[in-house]
Amino acid sequence: MAHSEHIVSGFDRDLEGIQAQIMRMGGLVEEAIAKATEALETRDLELARAVRAGDKAIDALDESVNDEAARIIAQRQPIASDLRTVLTVFRVSTNLERIGDYAKNIAKRTETIIDQPPVNGTGASLRRMARQVELMLKDVLDAYIQRDAALAADVRARDIDVDQMYSALFREYLTFMMEDPRNITTCMHLHFMAKNIERMGDHVTSIAEQVIYLVTGDMPEDDRPKQDRTAHDAGNLT
Amino acid sequence: MNDMRMTERGVNTKDIKIEARKVQVFYGANHAIKDVDVDIEDKTVTAFIGPSGCGKSTFLRCLNRMNDTIDICRVEGDIILDGEDIYDKRVDPVQLRAKVGMVFQKPNPFPKSIYDNVAYGPKIHGLSRNKAELDEIVESSLRRAALWNEVKDRLDAPGTGLSGGQQQRLCIARAVATSPEVLLMDEPCSALDPIATAQVEELIDELRQSYSVVIVTHSMQQAARVSQKTAFFHLGNLVEFGETSKIFTNPEDPRTESYITGRIG
Ligand SMILES: Nc1ncnc2c1ncn2[C@@H]1O[C@H](COP(=O)(O)OP(=O)(O)OP(=O)(O)O)[C@@H](O)[C@H]1O
Ligand SMILES: [Mg+2]
């Protein structure tokens, strides 16, 4: 870490402890995304169930991080970069927990559509989108550990790609549903899965913003251009 | 409408009460304060923080010429209070100290009654016309220092017979009794329990409505709680001076960061 040690070494151990828990959460969440998409692709019921069950461990870590961070605030009264470290841990933990929930939701929907015939050509784009978010998550966790604001800014910029992939997928599913009403159930689920992945991207972006705040003391100011107008467009269609 | 804009802006551009320029302090050959420039704002609490021996008390004492009483001490540079150089020969240090009051690091009540300790300043500066007015000043000063309830039944008892924390609050009462425009406080709460500390902090916040307060403190939490401006001193230099909210969330200088977060510098 960039800073020299605290005179009270227990403070260093506390801060390292909660950050280690964040990294453990990050690892579990990365794994949950990968396994959820794999379960969908291979129609693997067991794997989907495992993802759902695995979410409990992520929730437990989130709770433990929050308890621990609250204790550190009460006992150590962190200020300046220490305060930012603790505040960041709170928020990043929440973001990771939510990403975990989205992975769990994908697994749940996979279980629902597992017996439906696959809709041709829908798998690859969804997998690409999930892969993109997974890479962003991996990079943002690296940026977090290395206190690398530039890498975090790069991750933040990449969320536009995820938004664009989502818009493209949305149109694709709409086409399939209009072509053949028997696709509607599956495509609705697939659409929600795509939406889940798009939301994961937003949470990764939020983590990237936390890393920038942690390192520089300021939240990035410029608004990220929001590409997703799909919902509006869809509204106009009906 | 214009007025509103003025007050809004007033938050950031307060009047300067004390302007210190190129201040140097020497104790014999020891260069204790090095070229310090700082503006103390009116109606603002300014906190001085920094490691022991960095010169906080020394600099604070320059602001009401308390260093005059130390033989080997030499002060250079300008300290301007309301546009007037306080080191000018025409300035009477006693008058100056009524205007710029001080509470010291160690409580130092006079060997007199509790009442007389507080009444002394108002008396010599002729702030009351009769006994009733003086009584009123004594009571309100003791109340402001959060001491009234503990001493109201023994105002004739000697001030030196109080506990350390009570003595410190007596000194605060004595300092506010002359209604100073600037109040200098050197670790005023170091001997106080958390309740008395909170009461003094409340008093400081109240004083800020009308006065300028400068407080030296070793408690980072206290500096963060009570002050709007913070000055960090290190080895006789003023390393960083700015908004308290900024210093305690994102200080500029690595020396400030190390000090306030309790790191090995
Ligand atoms: N009366 C004095 N005579 C000689 N040297 C002094 C005197 N008062 C202070 N000094 C010296 O001036 C320097 C600054 O001391 P000062 O008391 O201003 O520090 P401080 O920041 O208030 O420390 P603390 O937090 O311990 O009260 C020190 O080197 C100290 O030894
Ligand atoms: Mg001192």
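Residues numbered from 1 in each chain as written. Chains lettered and ligands numbered in written order. Predicted model: local features only at pLDDT ≥ 70, side-chain atom pairs only at ≥ 80, totals over all residues. Heavy atoms only, no water.

Caption draft 1: Representation of the overall build of chain A within the structure. Along the backbone of chain A there are 7 helices and 0 strands. Taken over the C-alpha trace, chain A has a radius of gyration of 20 Å; the compact-globule value for 238 residues is 18 Å, and the two agree within 12%. Counting only C-alpha atoms, chain A reaches 70 × 40 × 25 Å along its principal axes. By the burial criterion, 50% of the 238 residues in chain A qualify as buried. Taking as baseline every contact in chain A between residues at least 6 positions apart, the subset at least 24 positions apart corresponds to 84%. For chain A, the accessible surface area stands at approximately 11,300 Å², while carbon and sulfur atoms represent 52% of it. Taking the 29 positively charged and 41 negatively charged side chains of chain A as two groups, their mean positions are separated by 3 Å. (Helix = DSSP H or I, 4+ residues; strand = E, 2+ residues; numbered from the N terminus. Rg over C-alpha atoms; globule rule 2.2 N^0.38 Å. Buried < 20%, exposed > 50% of the residue type's maximum accessible area, 1.4 Å probe, protein only. Contact = heavy atoms within 4.5 Å. Areas by Shrake-Rupley, 256 points an atom, 1.4 Å probe, with all protein chains shown as cover. Lys, Arg positive; Asp, Glu negative; His and termini not counted. Charge placed at Lys NZ, Arg CZ, Asp CG, Glu CD.)

Caption draft 2: Quick peek at the site of ligand 1. Residue and element names in this part refer to chain B. Ligand 1 sits among 17 residues. The nearest are S52, K56, S57, T58 and H218. Contacts to ligand 1 include K56, whose side-chain N or O atom sits 2.7 Å from an oxygen atom. T58 is positioned such that a nitrogen or oxygen atom in its side chain is 2.5 Å from an oxygen atom of ligand 1. Contributions of two or more residues to the shell around ligand 1 are made by β2 (30-41) and α2 (56-62). Counted by class, the shell around ligand 1 contains 6 nonpolar, 8 polar and 3 charged residues. (Near = heavy atom within 4 Å. Polar contact = N/O pair within 3.5 Å; in protein donor to acceptor, adjacent residues only side chain to side chain. Nonpolar A, V, L, I, M, F, W, Y, C, P; charged D, E, K, R; others polar.)

Caption draft 3: Examining a nonpolar patch on the surface more closely. A cluster of nonpolar side chains, A:I7, A:V8 and B:I264, forms an exposed patch at the surface whose accessible area comes to about 300 Å². You can see A:V8 is positioned in the segment before α1 (9-42). By relative accessible area, A:V8 is classed as partly exposed at 47%. (Patch = residues over 30% accessible without salt bridge, like charges linked within 9 Å, V, L, I, M, F, W, Y side chains within 5 Å. Salt bridge = Lys/Arg side-chain N within 4 Å of Asp/Glu carboxyl O.)

Caption draft 4: Inspection of helix α4 (residues 114-124) of chain B at higher detail. Residues and elements named next belong to chain B. Listed as buried for α4 are I114, Y115, N117, V118, A119, G121 and P122. Elements in contact with the buried residues of α4: α5 (131-144), α6 (148-151) and α7 (164-177). The first or second residue beyond α4 is G126, which carries a positive phi of 60°.

Caption draft 5: Up close: the interface of chain B and chain A. Across the boundary between the two partners, chain B contributes 13 residues, which contact 15 residues of chain A. Linking chain B to chain A there are 1 salt bridge. The residue B:R263 makes a salt bridge to A:D82 at a minimum N-O spacing of 2.7 Å. The interface formed by chain B and chain A contains 13 residue pairs in polar contact (both at pLDDT 80 or more). Counting only elements with at least two residues in the side of chain B that touches chain A, the list comes to α9 (220-226), α10 (244-249) and α11 (254-260) of chain B. Per-element tally for the side of chain B that touches chain A: the top contributor is α11(B), with 3 residues. Tallied by class, the residues present in the side of chain B that touches chain A amount to 5 nonpolar, 6 polar and 2 charged.

Caption draft 6: View of the nonpolar core. Core analysis: the biggest nonpolar cluster contains 62 residues, and A:L126, A:L137 and A:Y173 have the highest contact counts within it. Contributing elements (two or more residues each) for this core: α1, α2 (45-76), α3 (80-113), α4 (123-146), α5 (149-179) and α6 (184-216) of chain A. Tallying contributions element by element places α6(A) first for this core, with 12 residues. Discounting chain neighbours no more than four positions away, the residues touching A:L137 are A:G26, A:V29, A:E30, A:I33, A:L96, A:I99, A:V204 and A:I207. One finds B:A145, B:A177, B:V239 and B:F248 within the second-largest nonpolar core, a separate group that totals 46 residues. (Core = buried A, V, L, I, M, F, W, Y, C linked by side-chain atoms within 4.5 Å.)

Caption draft 7: Up close: the packing of α4(B) against α5(B). Residue and element names in this part refer to chain B. It is at 9 Å that the axes of α4 and α5 come closest, and there the two elements cross at 115°. Classified by the interaxial angle, the pair formed by α4 and α5 is roughly perpendicular. For the crossing formed where α4 meets α5, the hand is right-handed. Contact with α4, carried on its side by I114, Y115, V118, A119, P122 and K123, involves K131, L134, D135, I137, V138, S141 and L142 of α5 and no other residues of that element. Classifying every residue of the contact of α4 with α5 by side-chain character gives 9 nonpolar, 1 polar and 3 charged. (Axes fitted to C-alpha atoms, helices over the stretch in contact; angles between N-to-C directions. Parallel < 35°, antiparallel > 145°, perpendicular 65-115°, else oblique. Left-handed = near helix turned anticlockwise from the far one by under 90°.)

Caption draft 8: Focus on the coordination of the magnesium ion (ligand 2). Residues and elements named next belong to chain B. S57 (OG) and Q105 (OE1) make up the full set of protein donors to the magnesium ion (ligand 2), lying at 1.9 to 2.7 Å. Taken together, the positions of S57 in helix α2 and Q105 in the loop between β6 (100-103) and α4 put the pair 48 residues apart, joining distant regions of the chain. By relative accessible area, which is 35% here, Q105 ends up partly exposed. (Donors = N, O, S within 2.8 Å, 3.2 Å for Na, K, Ca; no water.)

Caption draft 9: Highlighting the sheet that holds strand β1 (residues 16-27) of chain B. All names here are of chain B. On the basis of which strands lie adjacent, the open sheet formed by 4 strands has the order β2-β1-β4-β5 and antiparallel pairing. With one partner strand each, in any of the chains shown, β2 and β5 (84-85) form the two edges of the open sheet. Note: β1 against strand β4 (residues 73-81), 8 bridges, orientation antiparallel. Directly across from V25, in β4, lies its bridge partner V75. (Pairing = 2+ DSSP bridges.)

Caption draft 10: Summary view of the side chain of B:Q24. Residue and element names in this part refer to chain B. Topologically, Q24 is positioned in strand β1. For Q24, the side chain forms a polar contact with the main-chain nitrogen of D35, separated by 3.3 Å. Leave out the neighbours within four places in its chain, and Q24 touches H31, I33, K34, D35, R74, V75 and E76.

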